[in-house]
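# Architecture at a glance
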Amino acid sequence: GGGGAASHLPTTYPLSLLADAGPVKPAAAFSWGAYQQAQAVPKSEGQRRYHRQLSCAEIIVALGPAGTGKTLFAVQEGLQRLRKGSVARVILGRPDPTGRADEEEEEEAKTRLLTPLFDAITKVMADHTAADALAAARLLETQSFAGMRGRTHEAAFVIVDEAQNASLQQLRRLSDRLGNGSTLCVLGDGSQPDRRVGGNWSAGADGISSSIEAYAKDLDKARETGMQTRIEVARLTNADICRSTPAREMRGFFSQIDSEEPAPRRQRLGGGAGELLRQAVAPSSARDATRQRGNEGAIYENRDADGRRCRWP
């Protein structure tokens, strides 16, 4: 989101765009002249800086709230390079859905994770059929993280959205999937992970920072080594939100509330709705550290909401 391109948004996208496997039919012809591309123009200083970084980076991570243009400008850059012949295809990556009960729910999860990317293609191409046409021509491909494993992406513009839902190790592994002439864009909002912190999903010593924030710090350190790879880190803020006035003002309002929460309450509740969601979906074993001890009857230990130990026979 964020940016001034025209849009004709569909309500759904073909499931053919959601498969990890490439199309089995011969590549269809694609005519760029059949589409009237709309140019999204950066509107804030942060967006202008991000726009410049996209044009020169080989690996870039963009962090920031919704509406700052992370996805839109990355998709626009990828399609522009595709049209110029600088890359052979655009790859849309996504963290793997987990805990799905059946194939139908799995497809629903894929659709939800990839729809923002398809929306951005629709805005840039000003036609909701463009994504399907690009896929039919083998110019557009979608991949899960599992599908990326073991593959090398040559001459590709790779965009991974909602990357805060991947683990830090998954994000690190993405970097060594790039082949010659490729670019990797990792996008996300560290304050809105859908998965709980802790274990493989946490980042940093505090166990609270998101994986994408830790990955950005990795790239900051990598830049300092003087390596030849062109690395960029874009940090967008509420000042770069270019959505409607209500959306921008409410985002700022709730961010202010979060910053004013007393520290003990923030620590107990996890600092916001995202952590409450993660606590709600966390396995019960993670919430209720229960253990059995002694041979004269079971004695279990738990903790109440304030962290005090509770024991009962």
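As the structure is a prediction and not an experimental result, all values here were calculated from the model.

## Brief notes about the overall build of the chain
Across its full length, the chain carries 11 helices and nine strands. Counting only residues that meet the buried cut, the chain has 41% of its 313 residues in that class. If you take every contact in the chain between residues at least 6 apart in sequence, the share linking residues at least 24 apart comes to 74%. Per element, the accessible surface of the chain, about 16,300 Å² overall, is 50% carbon and sulfur.

## Examining the pairing of strand 5 (residues 183-188)
Counting buried residues in strand 5 gives six out of six residues, a clear majority hidden from the surface. Of the two faces of strand 5, both are covered, the one formed by Thr183, Cys185 and Leu187 as well as the one formed by Leu184, Val186 and Gly188. Of the strand pairs in this sheet, strand 1 (residues 59-63) and strand 5 are connected by five bridges, and their pairing is parallel. Opposite Leu63, over in strand 5, you have Gly188 as the bridge partner.

## Side note on the pairing of strand 3 (residues 140-144)
With five of its five residues buried, strand 3 lies for the most part within the structure. Alternating positions in strand 3 separate into two faces, Leu140, Thr142 and Ser144 on one and Glu141 and Gln143 on the other, with burial throughout. With five bridges joining them, strand 2 (residues 89-94) and strand 3 adopt parallel strand pairing. Bridged to Arg94 within strand 3 is Ser144.

## Here's the deal with the side chain of Gln53
If you trace the backbone, Gln53 turns up in helix 1 (residues 45-56). Contact partners of Gln53, with chain neighbours within four places excluded, come to Ile60, Glu232, Val233 and Ala234.

## Quick notes on helix 6 (residues 168-175)
Turning to helix 6, its buried residues are Leu168, Leu171 and Leu174. For helix 6, the buried positions fall inside an angular range of 115° around the axis, keeping them on one side. Packing partners of the buried residues in helix 6 comprise helix 5 (145-148), strand 4 (156-160), strand 5 and helix 7 (211-224).

## Digging into unusual backbone geometry
Despite not being glycine, Ala126 shows a phi value in the positive range, around 55°. Structurally, Ala126 is set in the loop between helix 3 (103-125) and helix 4 (130-136). Among the residues examined, Ala126 registers a relative accessible area of 23% and is labelled partly exposed.

## Examining the packing of helix 6 against helix 7
Contact geometry of helix 6 with helix 7 gives a least axis separation of 9 Å together with a crossing angle of 40°. The pairing of helix 6 with helix 7 is recorded here as oblique in orientation. Read as a crossing pair, helix 6 and helix 7 show a hand that is right-handed. Seen from helix 6, the contacting residues are Leu168, Leu171, Arg172 and Ser175; seen from helix 7, they are Ser211, Ile212, Ala214, Tyr215 and Asp218.

## Observations regarding the sheet that holds strand 5
A sheet is described by the order of its strands in space; here six strands give the open sequence 3-2-4-5-1-6, paired in parallel fashion. In this open sheet, the two edge strands, each paired with only one partner strand, are strand 3 and strand 6 (231-235). For this sheet, the mean inter-axis angle between neighbouring strands, taken without regard to orientation, is 15°. Across five bridges, the pairing between strand 2 and strand 4 is parallel. Residue pairing across strands places Ile91 opposite Val158, the latter belonging to strand 4. With respect to the sheet, helix 2 (residues 70-84) is in contact with strand 1, strand 2, strand 4 and strand 5, its orientation differing from that of strand 4 by roughly 165°.

Basis of the calculations
Residues numbered from 1 in each chain as written. Predicted model: local features only at pLDDT ≥ 70, side-chain atom pairs only at ≥ 80, totals over all residues. Heavy atoms only, no water. Helix = DSSP H or I, 4+ residues; strand = E, 2+ residues; numbered from the N terminus. Buried < 20%, exposed > 50% of the residue type's maximum accessible area, 1.4 Å probe, protein only. Contact = heavy atoms within 4.5 Å. Areas by Shrake-Rupley, 256 points an atom, 1.4 Å probe, with all protein chains shown as cover. Pairing = 2+ DSSP bridges. Arc of directions from axis to C-beta. Axes fitted to C-alpha atoms, helices over the stretch in contact; angles between N-to-C directions. Parallel < 35°, antiparallel > 145°, perpendicular 65-115°, else oblique. Left-handed = near helix turned anticlockwise from the far one by under 90°.

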